[in-house]
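# Working through the structure, step by step
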Amino acid sequence: MKHLKLLDRYILKNFLGTFVVTEVVILVLAVVVDMSEKIDKYLTNEAPAIEIVKYYLNFALYYGNMYMSLVVFLAATIFTSKFAARSEIIAIMSAGVNYNRFLRPYLIGSVLLMCFSMLINNFILPYSNVRRFAFEAKYVKPQRQDYQFEQNIHKQVGPGQMLYIYEWNVGQKTGQKFALEQYDSTGILVHKFSADNIKYEEDSARYRVSNYFVRDLNPDGSENLRSGIMLDTVFSFTPADFSKDKRIGDKKNSIELEKLIRLEQERGSPDVRTLITEKYKRFALPFSSIILTLLAVSLCSRKKRGGAGINIAVGIILMAAYLFMLRIFETTAAKSVDGYPLFWIWLPNILFAGIAYYLYRNAKK
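As the structure is a computational prediction, the values presented were derived from the model and not from experiment. (Residues numbered from 1 in each chain as written. Predicted model: local features only at pLDDT ≥ 70, side-chain atom pairs only at ≥ 80, totals over all residues. Heavy atoms only, no water.)

## A word on the sheet that holds strand 5 (residues 206-217)
The pairing of strands in a sheet comes from backbone hydrogen bonds and takes either a parallel or an antiparallel form. The test is simple: In this description, strands pair whenever DSSP reports at least two bridges between them. Numbered from the N terminus, helices here are DSSP runs of H or I no shorter than four residues, and strands are runs of E no shorter than two. The convention used is that axes are lines fitted to C-alpha atoms, helices contributing only their stretch in contact, and that angles between N-to-C directions extend from 0 to 180 degrees.
One open sheet accounts for six strands, arranged 1-2-3-4-5-6; its pairing is antiparallel. Among the strands making up the open sheet, the edge pair consists of strand 1 (149-158) and strand 6 (223-233). The average angle at which neighbouring strand axes cross in this sheet is 10°, direction not considered. Bridge analysis of strand 5 against strand 6 gives 10 bridges, and the strand direction is antiparallel. In the sheet register, F213 faces strand 6, and the bridge partner there is S227.

## Here's the deal with the environment of S222
For clarity, the cut-off: In this analysis, two residues are considered to be in contact whenever any of their non-hydrogen atoms come within 4.5 Å of each other. For this analysis, a polar contact is any N or O atom pair within 3.5 Å, provided that within protein one partner can donate a hydrogen and the other can accept it, and provided that sequence-adjacent residues contribute only side-chain to side-chain pairs.
Position of S222 among the secondary structure elements: in the loop between strand 5 and strand 6. In this structure S222 touches D216 and L217, once residues within four positions along its chain are discounted. Within the structure, S222 has its side chain in polar contact with the side chain of N218 (distance 2.9 Å).

## Quick notes on a nonpolar patch on the surface
Filter applied, for reference: Surface patches are defined over residues having more than 30% relative accessible area and no salt bridge, joining like charges when they lie within 9 Å and nonpolar side chains (Val, Leu, Ile, Met, Phe, Trp, Tyr) when within 5 Å. Calculation of accessible area relied on Shrake-Rupley with a 1.4 Å probe; when residues are assessed, cover is drawn exclusively from the protein chains displayed. Every case where a carboxyl oxygen of Asp or Glu lies within 4 Å of a side-chain nitrogen of Lys or Arg is listed as a salt bridge. Each residue's exposure class comes from its accessible area (1.4 Å probe, protein chains only) as a fraction of the maximum for that residue type: buried when under 20%, exposed when over 50%, partly exposed otherwise.
Together, V20, V24, V28 and V32 make up a nonpolar patch on the protein surface, roughly 320 Å² of accessible area in all. Position of V28 relative to the elements: it lies in helix 1 (residues 6-44). Accessibility expressed as a relative area gives 45% for V28, which makes it partly exposed.

## Some words on helix 7 (residues 254-267)
Residue pairs spaced three or four apart in an α-helix point in one direction, given the helix's 3.6 residues per turn. What counts, and what does not: Expected helix span is given by 1.5 Å per residue-to-residue step, counting one fewer step than there are residues. Picture the helix axis, draw a direction to every C-beta atom, and the arc is the one those directions span.
Taking 1.5 Å of rise per residue, the 14 residues of helix 7 would be expected to cover 20 Å, and the 20 Å separating its terminal C-alpha atoms lies within 8% of that figure. Listed in full, the buried residues belonging to helix 7 are S254, L257, L260, I261, E264 and R267. Take helix 7 and look down its axis: the buried residues cluster within an arc of 130°, on one side only. Along helix 7, the residues that are exposed and aim more than 90 degrees away from the buried face are K259 and E266. Residues of helix 7 that are buried sit in contact with helix 5 (99-140), strand 1, helix 6 (239-242) and helix 8 (272-300). The N-cap of helix 7, judged by a side-chain oxygen 3.0 Å from the amide nitrogen of I255 a few residues on, is N253.

## Side note on the packing of helix 1 against helix 2 (residues 49-66)
Worth spelling out the cut-off: An angle below 35 degrees is treated as roughly parallel, one above 145 as roughly antiparallel, one from 65 to 115 as roughly perpendicular, and anything else as oblique. In this scheme the crossing of two helices becomes right-handed for a clockwise turn of the near helix relative to the far one and left-handed for an anticlockwise turn of less than a right angle. The residue classification treats Ala, Val, Leu, Ile, Met, Phe, Trp, Tyr, Cys and Pro as nonpolar and Asp, Glu, Lys and Arg as charged. All others, Gly included, are polar.
In the contact formed by helix 1 and helix 2, the axes pass within 10 Å of each other and the chain directions differ by 135°. Considering the angle they form, helix 1 stands oblique to helix 2. The element helix 1 and its partner helix 2 pack so that their crossing is right-handed. From helix 1, E23, L27, A30, V31, D34, M35, K38 and Y42 reach across to helix 2, where they touch I52, Y55, Y56, F59, A60, Y63 and G64. For the contact of helix 1 with helix 2, the class distribution of residues is 11 nonpolar, one polar and three charged.

## A few points about the nonpolar core
Note the following rule: Residue types Ala, Val, Leu, Ile, Met, Phe, Trp, Tyr and Cys, when buried and joined through side-chain atoms within 4.5 Å, form a set referred to as a nonpolar core.
By size, the foremost hydrophobic cluster in this structure holds 43 residues, and its most contacted members are F83, F102, Y106 and F352. Among the elements of the structure, helix 1, helix 3 (68-85), helix 4 (88-94), helix 5, helix 8, helix 9 (308-335) and helix 10 (341-364) are those that each provide at least two residues to this core. Here this core gets 12 residues from one element, more than from any other, and that element is helix 3. Every residue in contact with F83, bar those within four places of it in the chain, is listed here: Y10, I11, E88, I89, I92, F102 and Y106. Membership of the second largest hydrophobic core comes to 19 residues, among which are V157, F178, F193 and Y207.

## Re the packing of aromatic side chains
Note the cut-off: Under the pairing criterion, centres of Phe, Tyr and Trp rings, with the six-membered ring standing for Trp, must be within 6.5 Å; the plane angle then separates stacked pairs below 30 degrees from edge-to-face pairs above 60, leaving the rest tilted. A ring is considered to have a charge above it if a Lys NZ or an Arg CZ atom is located within 6 Å of its centre and within 35 degrees of its normal.
By the definition in use, this model includes 33 aromatic pairs. Ring plane angle 65° and centroid distance 5.7 Å describe the contact between Y42 and F135, whose orientation is recorded as edge-to-face. Remark: F135 occurs in helix 5 and Y42 occurs in helix 1; sequence separation between them is 93 residues. An angle of 85° between the planes, with centres 4.7 Å apart, marks the rings of Y62 and Y63 as edge-to-face. The exposure class assigned to Y62 is buried, which follows from its relative accessible area of 19%. Judged by relative accessible area, which is 30%, Y63 ranks as partly exposed. Over the ring of Y166 we find K177; its NZ or CZ atom is 5.0 Å from the centre of that ring. The side chain of R247 reaches across the aromatic face of F133, ending 3.8 Å from its centre.

Now the structure itself:
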């Protein structure tokens, strides 16, 4: 800070201060609303007070980081509108300060917040999510795992390996109508293992199968068949490899997520797009702080009839539009077969960067 000039320190202090106050107010309101909706569940499931406090710390970290760039936009809108309403920006420009020089402290502040958000997104938030999900599973939506079933699991668990389970009991780790097929590099079936029932033994990391049937297909067209009543065997996968944890990407830091993406790509899993989308989102969302800051300052740096209120109203509309686009394109990136996830995730930033540049050019005149 000592190398920054008086103007930089003044703008940066007020910009970051407005951001902190706005963030705290929004998070307090979010916590109060969420707690009022869930308090009956906490009492019914006897959630300890200390666990509730920890949960809301993780809750605040998650939602505070998710909407940080939008709070940055709102803070820049509020502060700059007040700044312009008091004619301070006119006085600064009259003193010979050009518009780019005026923007510098805003951009410094947005870069600092972007770096902070990236650190949280990539390395801190995944561990926080594990604790948040565990609390919700225990005290908000408690379910006995013995009654949790997954049906019609069909997934590639290795190169050329296709697994099928008709019904899987998550808690007991037992399944019915199991089949594992192995295909060669040309897509020809070379091995099939099927069983009526399968159970995973955690202590030994082995599977116990009953009423099994094995079929090996030889290159000459002949077959080797064998069957049995009971067999303890080892497979190259665990229940975690085929169970449908839709939030697995949220629980992995970026290093672990990259390893998981490579593993799922080797398996040919269709779920890999969701993981890739999560990977790109961790960088695109924090970067939007810079774009939205430039947009907010360019929008609000001129004194307007109606004061700060009109700027804040326009800002809220733009925030709503950004959120809507972000949600739509994120879903498109994760589920669409066509297109590339990187493009869809960055598309809202690209579009709003165009809007920000247009407003910036007008604001400079």
